[in-house]
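Working through the structure, step by step
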Amino acid sequence: MPSEDTLITLPKTEIPRSWYNVLPDLPEPLEPYLTPSGEAVKPEQLAAIFPASLIEQELSPRRLFDIPVPVAEALARYRPTPLQRAAGLEKALGVRSRIYFKNESVSPSGSHKSNTALAQAHFNREAGIRRLATETGAGQWGTALSIAGCAFGLEIRVYMVRVSLEQKPYRKTVMNLMGAEVLSSPSDLTAAGRRAKAENPRTLGSLGLAISEAVEDAASRSDTNYSLGSVLNHVILHQTVIGQEIKKQLSLAGVSPDYLIACHGGGSNFGGMAAPFVPEIKDGARIALIAAEPESCPTLTRGRFAHDHGDVAGLTPLLPMYTLGKDFQPPAIHAGGLRYHGASPIVSSLVKSGMVKPLAVGGADLFRYAALFARTEFIIPAPESAHALAAACLKALELEQAGTPGTIVFVLSGHGLLDLSAFESFIDTY
Ligand SMILES: *Cc1c(COP(=O)(O)O)cnc(C)c1O
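Residues numbered from 1 in each chain as written. Predicted model: local features only at pLDDT ≥ 70, side-chain atom pairs only at ≥ 80, totals over all residues. Heavy atoms only, no water.

The final tally for this structure, using the stated rule, is seven aromatic pairs. Measuring from centroid to centroid gives 6.1 Å for Trp19 and Phe123, while their planes differ by 55°, and the two rings are tilted. Of this pair, Trp19 sits in strand S2 (residues 18-20) while Phe123 sits in helix H4 (residues 114-126), and the two are 104 residues apart along the sequence. Trp19 gets classed as buried once you look at its relative accessible area, which sits at 0%. Residue class for Phe123 comes out buried when judged on its relative accessible area of 10%. Counting every residue linked through ring pairs, the aromatic cluster contains Phe101, Phe373 and Phe410. In this structure, Arg85 is placed above the aromatic ring of Tyr100, and the distance from its NZ or CZ to the ring centre is 5.8 Å. Above the ring of Phe305, the side-chain terminus of Lys352 is found at 4.7 Å from the ring centroid. (Phe/Tyr/Trp six-rings, centres within 6.5 Å; stacked < 30°, edge-to-face > 60°. Helix = DSSP H or I, 4+ residues; strand = E, 2+ residues; numbered from the N terminus. Buried < 20%, exposed > 50% of the residue type's maximum accessible area, 1.4 Å probe, protein only. Lys NZ or Arg CZ within 6 Å of the ring centre and 35° of its normal.)

This structure, assessed with the given rule, holds 24 salt bridges. Among the salt bridges present, the one from Glu245 reaches Arg79, with a minimum N-O distance of 2.9 Å. Linking Glu245 in helix H10 (residues 233-253) with Arg79 in the loop between helix H2 (69-75) and strand S4 (83-85), this pair joins segments that are 166 residues apart in sequence. Here Arg79 falls in the buried class, since its relative accessible area comes to 0%. The closest approach of N and O atoms between Lys102 and Glu245, which form a salt bridge, is 2.7 Å. Of this pair, Lys102 sits in strand S5 (residues 98-103) while Glu245 is found in helix H10, placing the two residues 143 residues apart along the sequence. The pair formed by Lys102 and Glu245 is uniform in burial state, with each residue classed as buried. Overlapping salt bridges bring together Arg130, Arg131, Glu155, Arg157, Glu181, Asp217, Arg221 and Asp223 as one network. (Salt bridge = Lys/Arg side-chain N within 4 Å of Asp/Glu carboxyl O.)

The structure is reproduced here in C-alpha cells:
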C-alpha cells in the first residue's frame, strides 16, 4: 500500500478565496520606494505603467484581497496544485526525513508564474488596457503572460534576454503560438536597447536591461501597460495561493513542517510560499524558511541591502532590497530565471530581519540532484527549481548525519521540459 500522504490533493472548493498581504505582518516595516531624487514614490507616479488596482495591491496595508471571480475561474483550471511526498527521492538519498514538494509545474505555462500572469492580465483588462509589454529571462514569464493574454484578450509583447532566446528557442515558439510578439533583447526598438547595443554589440543581454526596454515601451504608449513577473509586492501577493494551499495540505496530512524551501530569483515563488507562514513564525512556530539562490548570482547571500533600481537604465523606482548592483552581469547559467541583480523588497526585508535564511547552491550538485529527482519522482525539474531541490536534499542529508530527521517542504516552481539543453551538457556526469 502506498502511504496516504504520497499525493495530497485538495478539492476545487479549497482554492484560496483571497490573497494574503504580508506587508502589515513583516517584522520590520518595508522602507518606501524612492525616486532618483530620494523622495518616496507616490502611487500616481506608478500609474503610467500599472493599473490602479495593482498599485493598491502594491502599497496597501490591507491583509486580505478577494480573488476576483474571473481570476479564480482561470486559476481553477490547474489549482489547487498537488503537494507530493518525494518518497522515492528520500529512499535514494537514504534519509529518514520526510520530503514533500509543492508541484507548481502543473500550470499551463509549466511554472508558478501563471498564478500572477492571470491576475495581472485580468486587472489590466478591467482598467481598459489593450496591450502589455514585458521582459522574460528564461522564457517562463513570457510564456505565462502570453497564455494569460489569450485568457483575457490582451496583446502581449515580450522582450526576451538574448542569451535565453539562443539557449531556449522553443520558448519563443510557445509564445508565438499563443499569439505573442517576441523580440531579442537588447532590441533596436527602444532607446535603452539601442544604447546597450552601441556600447557592446555582442552583449548577451540581461533581465535588468530587458526590463528597461519593456518599461520604456509601456511608458511611451497610452494603450500599453508594463507587467512584471516577480520582485514586486503585488506579484508576491498573487503567489500566496502557494503557501496557503501548502498549509491546508500539510494539515490534511497531519504533519507540520520544519523547513520550507524555495528557489529565489526575484522572490515570487519563495515569497508566495513563505508569506502565509510569517504570522505563525512570529508567534513562535519553529519553521525555518530557506531561500536557495545560485552561487553565480548570489544576491541575498553576497549582495548589499540598499535602495537600487530594478533595471539597468534606471527607469524603475529605487527599491529597498538586496542587490548586486544594477550593472551586475550574471554569467549565462542555465537557470535563467535566477539571473537577476536584485531581490523582492518583501523577501529582502525577511532576510534582513533574520526570519529567512538565504543559501547559495550551485555546481555539479544541482544537476546530480535534478537527475536523481527525475529518476525517482519522474519529473524533470526546471533548472531554477533544481536549486530548491538541491537545498532540500542537502538539508535532509545534514539532518540524517545529525540524527535529527524532520519534515522538509520545497516548491517545485516549474518543470524543465523546455530546458533540456541545460541537462544535455551534464548528461555524461550523472
Ligand atoms: C521565474 C522562475 C523562477 C524565479 O523567479 P522567482 O520570482 O524568484 O520565483 C523560479 N523557478 C521557475 C520555474 C521560474 O520560472
